[in-house]
Amino acid sequence: MNPEDRIKLFGMSHQLVERELDQIEHGLGLELGREDESAEDVDDIFYPQFDEVIRHEASSMAIHYELFYCLEKSIRSIISDVLQDKHGLHWWDTHVPEPVKKEVTQNMQREIDQAVAARSASEIDYTTFGQLGEIVRGNWSDFGDIFNSKKAFNKVMTSLNLLRGPIAHCSPLPASEVVRLRTTVEDWFRLMA
C-alpha cells in the first residue's frame, strides 16, 4: 500500500473513531466538548414539527449515514486515484464499463434537464455504489495491490450494498444489522493489503 493510501486509511479510521465517540456521547447523554462550534443547528422551524419518535430515529441513524458517506466517498477516491495514476487523466473514458458510463451520462443529463445544481463535475460522483464495484472488478489488475482478494472484495461490496439500502432510504437498522454493518466495515479495512 502506498503512502497516500495509508494516509487515506488513517483518515477513515479517525472518522470512525469520531463517529463512535459521537455515539457514546449520544447514548450516555454526555457532551465531551468535541463539537465544532461553527456547526449549524438542526432547522429550528421545520424539525420540531416532526414526530419525536421520527426525530429520535433519525438521530440514531445519522451515525450510520455518516459512516457510509465516508466509506463511499473514500471508495470513489481510491478508484479515481488508482485509475488516474495508472491510466492518466482520461481513465473514465478508457477504463469504465460502457453501461456505467451510459447511466452516468443519463444521470448528469437528468440534473441538467431539471435545472438543479450539478452535484459534481466528476463523473464518478454520479455512479451508484454497485457501479463502483463494477469499475473495480473491470480493472482488477489495477487494484490487486490494494485489495488482497477479489472474492473477498465481491463479498464485502455485496454486503455493503445491501446494508446501504435501509440507510439511504430512511429505514431504521435493526440492532443485528448495525452489528453486521460494523463487521462489514471492518472487513472492508481488512481487504486493504
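Before any of the text, the structure's been laid out above.
Residues numbered from 1 in each chain as written. Predicted model: local features only at pLDDT ≥ 70, side-chain atom pairs only at ≥ 80, totals over all residues. Heavy atoms only, no water.

(A) Highlighting the pattern of salt bridges. For the structure shown, the criterion picks out seven salt bridges. Residue glutamate 72 is joined to arginine 76 by a salt bridge in which the shortest nitrogen-to-oxygen separation is 2.5 Å. Here arginine 76 and glutamate 72 lie together in helix α2 (residues 52-87), a separation of four residues that amounts to about one turn. Given the relative accessible area of 9%, arginine 76 is considered buried. Arginine 119 is the salt-bridge partner of glutamate 111, the closest N and O atoms lying 2.8 Å from each other. Using a relative accessible area of 14% as the deciding quantity, one classes glutamate 111 as buried. Assessed through its relative accessible area of 49%, arginine 119 is described here as partly exposed. One network of salt bridges, in which partners are shared, links Glu72, Arg76 and Arg164. (Salt bridge = Lys/Arg side-chain N within 4 Å of Asp/Glu carboxyl O. Helix = DSSP H or I, 4+ residues; strand = E, 2+ residues; numbered from the N terminus. Buried < 20%, exposed > 50% of the residue type's maximum accessible area, 1.4 Å probe, protein only.)

(B) Summary view of the nonpolar core. In terms of nonpolar packing, the biggest core is built from 39 residues, with Ile79, Phe143, Phe147 and Trp188 touching the most fellow members. Taken together, the elements giving at least two residues each to this core come down to α2, α3 (91-95), α4 (98-113), α5 (129-138), α6 (140-143), α7 (150-168) and α8 (175-191). The element best represented in this core is α2, accounting for nine residues. Sequence-distant contacts of isoleucine 79, that is, excluding residues within four places in its chain, are made with Trp91, Ile124, Leu132, Ile135, Val136 and Phe143. (Core = buried A, V, L, I, M, F, W, Y, C linked by side-chain atoms within 4.5 Å. Contact = heavy atoms within 4.5 Å.)

(C) Geometry of unusual backbone geometry. Although it is not a glycine, alanine 115 adopts a positive phi angle of roughly 55°. The class of alanine 115 is exposed, set by a relative accessible area of 70%. The backbone of cysteine 170 sits at a positive phi, close to 60°, despite the residue not being glycine. Here cysteine 170 shows up in the loop between α7 and α8.

(D) Layout of the packing of aromatic side chains. Counted according to the given criterion, the structure contains nine aromatic pairs. Ring plane angle 75° and centroid distance 5.7 Å describe the contact between tryptophan 91 and tryptophan 92, whose orientation is recorded as edge-to-face. Pair check on accessibility: tryptophan 91 and tryptophan 92 agree, each one buried. When the centroid spacing of 5.7 Å and the interplanar angle of 50° are considered together, the rings of tryptophan 140 and phenylalanine 153 count as tilted. Note that tryptophan 140 is positioned in helix α6 and phenylalanine 153 in helix α7, a separation of 13 residues in sequence. Each member of the pair, tryptophan 140 as well as phenylalanine 153, is classed as buried. Aromatic rings pair up to connect Trp140, Phe143, Phe147, Phe153 and Trp188 into one cluster. A cation over a ring is seen here: arginine 55 above tyrosine 47, with NZ or CZ 5.7 Å from the ring centre. (Phe/Tyr/Trp six-rings, centres within 6.5 Å; stacked < 30°, edge-to-face > 60°. Lys NZ or Arg CZ within 6 Å of the ring centre and 35° of its normal.)

(E) Fine view of the layout of surface pockets. Considered as a void within the structure, the second largest pocket measures approximately 390 Å³ in volume. Lining the second largest pocket are 16 residues, and of these Tyr65, Tyr69, Glu72, Arg76 and Arg164 sit closest to its centre. Only α2 and α7 provide two or more residues apiece to the lining of the second largest pocket. In terms of residues, the lining of the second largest pocket owes the most to one element, α2, which gives six residues. Here the residues of the lining of the second largest pocket are counted per class, giving six nonpolar, four polar and six charged. (1 Å grid on protein atoms, 1.4 Å probe; cavity = no way out; pocket = protein on both sides within 12 Å on 5 of 7 lines; lining within 4 Å. Points joined across faces, edges and corners; volume = space filled by probe spheres on them. Nonpolar A, V, L, I, M, F, W, Y, C, P; charged D, E, K, R; others polar.)

(F) Geometry of empty space enclosed by the protein. Taken as a whole, this structure holds two cavities of 30 Å³ or more when the rule is applied. As a volume, the largest cavity reaches approximately 50 Å³. If you go around the largest cavity, the residues you meet are Met12, Gln15, Leu16, Arg19, Leu67, Cys70, Leu71 and Phe189. Of all elements in the fold, only α1 (3-28) and α2 reach the threshold of two or more residues within the lining of the largest cavity. Among the elements that make up the lining of the largest cavity, the one with the highest residue count is α1 (four residues). Class assignment for the residues of the lining of the largest cavity results in six nonpolar, one polar and one charged.

The analysis is restricted to geometry; functional conclusions fall outside its scope.
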